[in-house]
Structure formats: C-alpha cells, structure tokens
Amino acid sequence: NFTIASGKKVLTSDNSLSITGGNISLNGLLDSGTGTTTLLASKDGTTIGLGTGAGTFSVTDSELGNVTAGNLIIGDANNGDISVDGVTNGGTTTLNATKSTSKVTFANNASTFNALTVNAGNGIAANAAVTTDTGNLTFDGDSDNSGAGNISLANGIALTTVGNLVLNSGMTTSGDASLNGGTGVTLANGVNITSGGALTLGTTSGSINAQGAVTV
C-alpha cells in the first residue's frame, strides 16, 4: 500500500507521477502541480471506490481534496468496477474501467468534479447526479467498442456541466432524465438514446451537435 502521512507532502514540481498499489492512503498532500497524477490498483480485477463508493482500492473525498494535479487519472484496463459516491472534491479527473467486464457506477449521492472523463468497457450507470463545474463532462460506456457497454441513467438523474457534455456511446434512461451542457452537447456518430420518460437536452450558450445518425 502507498501512504502519505498527515502533515507530509509529495511534490513533483509539475512532473507527472504514477502510483501503483494494493490501496492508497492520502492523509498528506500529493501535489504534481500541472502534471498528471495516475493512481492504479496493483492487482487485476481490483475494485475502486471514490468518495464513499465501495472498493478495495479506496480514495475518499477528503483524500481527493489532498491531490493537486493537471489531471488525476484513476484506473486502467486491468482494474474491476469503479464506484463513485458523494464526491465533492473532484478536480480534473479521468476514470478508467476499460477492462471488457468492468463498469463505472455513480451511486446514491451526487458527485461534482472540476472536469470529468469516464471510460468503461461494460457500461456507465448514473444512479446519482453528476456535475462538472469548470470543464467538460465526457462519458464513454463502451470504450472497447464491443457493443456490450452503454450509459444508463436512473429516473430523475441529471448530467450537468458548464463545459461541453460529450456522449460517446449509447444511452438508456429508466425515466425522466436531463442532459445539460453549458457550452454544448455532443453526441457521437451512431449514438442511440432510448428514453423511459421525458428527456431534456439543454445548453446555455452552445448547440446540440450530433456527429452522425442519432436515434432517440
């Protein structure tokens, strides 16, 4: 396991940093400035939890607040599912669960990041609202292009960003849902959206851009 004790700091002077471990404890500060910080689970199939999300490799909300990075990358093609619950200290973040059987779930309580990219091999489930407050929000629930993964939204869930909202895979909703892109909404070529209720697509200052045939 990798640990930074309370009151201690790891500084990289804007250089990138990659940490691999069975688990991680960030009671001190992890600062790579404008560089990229990557956190990886050392064992294949390990589940990852953010906030109060369940996972063997766990990064709490307060620990996320101790990380400074141009981009925080969590996960790769080897770990299992990622569960996100109640994150409020999310910076610019990329979540990868790109193993063909792995998914990303936003559970129970709403989460907010500065900017967020989520890539999953076997789907993204938004069972709680997801917001980005400074940058884009990008979801790809079928990152391996196998056709097995998609994006699912529970009833009443909103995806909201001050930037561009980008959906790179198909989406289903179990009821009413809202997609809000501050500077636009982009739907990748061939994206199919199946709605179980009222679907609201909105943008503050941009446009809704379909890059190809889109079925709603």
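In case you missed it, the structure is sitting above this.
Once that is clear, we can look at the overall build of the chain. Helix and strand counts for the chain come out as one helix and 26 strands. The globule rule puts the C-alpha radius of gyration for 216 residues at 17 Å, and the 17 Å found for the chain is close to it. Along the three orthogonal principal directions, the C-alpha set of the chain runs to about 50 × 35 × 30 Å. Burial status across the chain gives 46% buried among its 216 residues. Sequence-distant contacts, at least 24 apart, represent 32% of the contacts inside the chain between residues at least 6 apart. With an accessible surface of roughly 8,800 Å², the chain has 44% of that area assigned to carbon and sulfur atoms. Here the chain carries 5 positive and 13 negative side-chain charges, and the mean point of each set is 12 Å from the other.

What follows covers the sheet that holds strand β5 (residues 29-31). Across a sheet, paired strands are connected by hydrogen bonds in the backbone, their directions being either parallel or antiparallel. Here we have three strands laid out as an open sheet, ordered β2-β5-β9, and parallel in their pairing. Only two strands of the sheet have a single partner each, and these edge strands are β2 (9-11) and β9 (67-68). Pairing analysis gives two bridges linking β5 to β9, with the strands arranged parallel. Counted as the bridge partner of Leu-30 is Val-67 from β9.

Pairing in this open sheet of eight strands is parallel, and the strands run β8-β7-β11-β13-β15-β18-β21-β24 from one edge to the other. Of all strands in the sheet, those bounded by a partner on one side alone are β8 (57-59) and β24 (193-195). Between one strand axis and the next, the sheet turns by 10 degrees as a mean value, whatever way the strands run. Here strand β7 (residues 48-51) runs beside β8; their pairing, made up of three bridges, is parallel. Residue pairing for β8: Ile-48 is matched across the bridge by Phe-57.

Thresholds applied
Residues numbered from 1 in each chain as written. Predicted model: local features only at pLDDT ≥ 70, side-chain atom pairs only at ≥ 80, totals over all residues. Heavy atoms only, no water. Helix = DSSP H or I, 4+ residues; strand = E, 2+ residues; numbered from the N terminus. Rg over C-alpha atoms; globule rule 2.2 N^0.38 Å. Buried < 20%, exposed > 50% of the residue type's maximum accessible area, 1.4 Å probe, protein only. Contact = heavy atoms within 4.5 Å. Areas by Shrake-Rupley, 256 points an atom, 1.4 Å probe, with all protein chains shown as cover. Lys, Arg positive; Asp, Glu negative; His and termini not counted. Charge placed at Lys NZ, Arg CZ, Asp CG, Glu CD. Pairing = 2+ DSSP bridges. Axes fitted to C-alpha atoms, helices over the stretch in contact; angles between N-to-C directions.

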